[in-house]
Amino acid sequence: MSFKASRGWISNVQFLSCADSDTHAATSEHTYFLSSSNDGKVILWDANKELEGSGTAYQVYVQDDIHTGGIFSMHELLGTVATASKDASVSISTITPDGAIKLKVRYQDIHDGVVKSVSLKSDCDAKVFCSAGNDGFIRVTDTRANLHSSSLSIENMHENYCINSVKWQPANEYMLMSTSFGRNIVINDTRNPTVPYLLLDEHLPVSCTKVKSIYHPTFYDSGKYIVTTGEQSTCLTTYEASSGKVVCREDIGIRCNSITVHEVFTQQPILAASHGADIELMKLTDRFSPRDI
C-alpha cells in the first residue's frame, strides 16, 4: 500500500505497539498505525480499510492541536504518544478507547530550541522518555518527576551537530541510538554516557562526510538488529545491534527518512516507511527484502 498522507512531509510512521483493541492497537481485523507530519498533525489510520476505494488508508482520528509548530518526531508505546516539535516542546498524549488522541501534558523547558526526536522507554510503562534536538543534548525525562527537569543529559556525541533522531533499544534499558548530520549512528550506554558504545557508518558511502537529510533508524526483532536508510539511497542496511556488524543490505526501491517494523499479527513483518508526504507499507521477507503489500 502506498498513498499520500499529508500536505507536509511525514516525520514518522508507526504501527501501534500492543494487541489491545481498547487502545486501537493491531488485531487480525484491524492494522492501526500513526503518522506525524510537518503540518502539526498526528493521524491514526487503519491499514485494513480504504477511504472510498481510493487506495488511501482509512483515517480513524486526526489530532492537530498538540503543538503550535510542525512535528519532527512521534513515538507510541502502550497507548501513550510522545511528540517532538518545532515549537521547542515535547508533548505526551494518550489514545482513548474510541481512537481519539488526547493531550495530557506538554514539556516546554527541556530543550533550548527545536526538538527533533523523542522516544518512550519500554521498561517503564512509557513513563520515561528521551529527547534530542538542535541544542545538541540528549535529555532523559521521567514524567513522574518535576515537569521542568531531566534526570540525565548526554552531550557532544555528534561533533557539535544538532541531533536529529534518538531511540531507546527495546531489549536493553541502558542503550540509546542517535543520529545527526554527521556520519555516525551513535549507540550510547547511559551508565557511561561520556563515551560512545558503538559508532556505525557503513550505511553511508565513504565519500559522504556530512548527511544532508534527517533520517530515523529503527530497532528490529526486539532490539537485536538496527535497520537504517542511507543518504540519498534506496537501500536499507541492517546492523547487528550488539556488535555493529552489517548483516544485510537490500534495495527497497524508494528513498525514505523514517522506518519502523511491525512484527505482530502478520505472517511476515511489515515495514512502514515515509518519504516526503507519502507512506509506504511493505512486507519483509526473511532476508529483510521488502515486497509491496
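First, a word on scope: everything that follows refers to the structure included in this document. (Residues numbered from 1 in each chain as written. Predicted model: local features only at pLDDT ≥ 70, side-chain atom pairs only at ≥ 80, totals over all residues. Heavy atoms only, no water.)

What follows is about the nonpolar core. Within the largest apolar cluster, 14 residues are counted, with the highest numbers of intra-cluster contacts made by M177, I185, I187, L200 and I226. For this core, the secondary-structure elements that each account for two or more residues are β15 (175-180), β16 (185-189) and β17 (198-200). Those residues in contact with L200 that lie beyond four places of it in its chain are R183, N184, I185, I226, Y239 and G244. (Core = buried A, V, L, I, M, F, W, Y, C linked by side-chain atoms within 4.5 Å. Buried < 20%, exposed > 50% of the residue type's maximum accessible area, 1.4 Å probe, protein only. Helix = DSSP H or I, 4+ residues; strand = E, 2+ residues; numbered from the N terminus. Contact = heavy atoms within 4.5 Å.)

What follows deals with the environment of S153. Along the chain, the position of S153 falls in strand β13 (residues 152-154). We classify S153 as partly exposed; its relative accessible area is 34%. Contact partners of S153, with chain neighbours within four places excluded, come to F137, I138 and R139. Reaching out from S153, the side chain makes a polar contact with the side chain of R139 at a distance of 2.6 Å. (Polar contact = N/O pair within 3.5 Å; in protein donor to acceptor, adjacent residues only side chain to side chain.)

Below, the discussion takes up the sheet that holds strand β5 (residues 57-63). Strands sit in the order β2-β3-β4-β5 across an open sheet of 4 strands; the sheet is antiparallel. Taken across any chain shown, the strands that pair with only one partner, and hence form the sheet edges, are β2 (10-15) and β5. With direction set aside, neighbouring strand axes in the sheet form an average angle of 25°. Pairing between β2 and strand β3 (residues 32-37): 5 bridges, direction antiparallel. Along β3, the bridge assignment pairs I10 with S37. (Pairing = 2+ DSSP bridges. Axes fitted to C-alpha atoms, helices over the stretch in contact; angles between N-to-C directions.)

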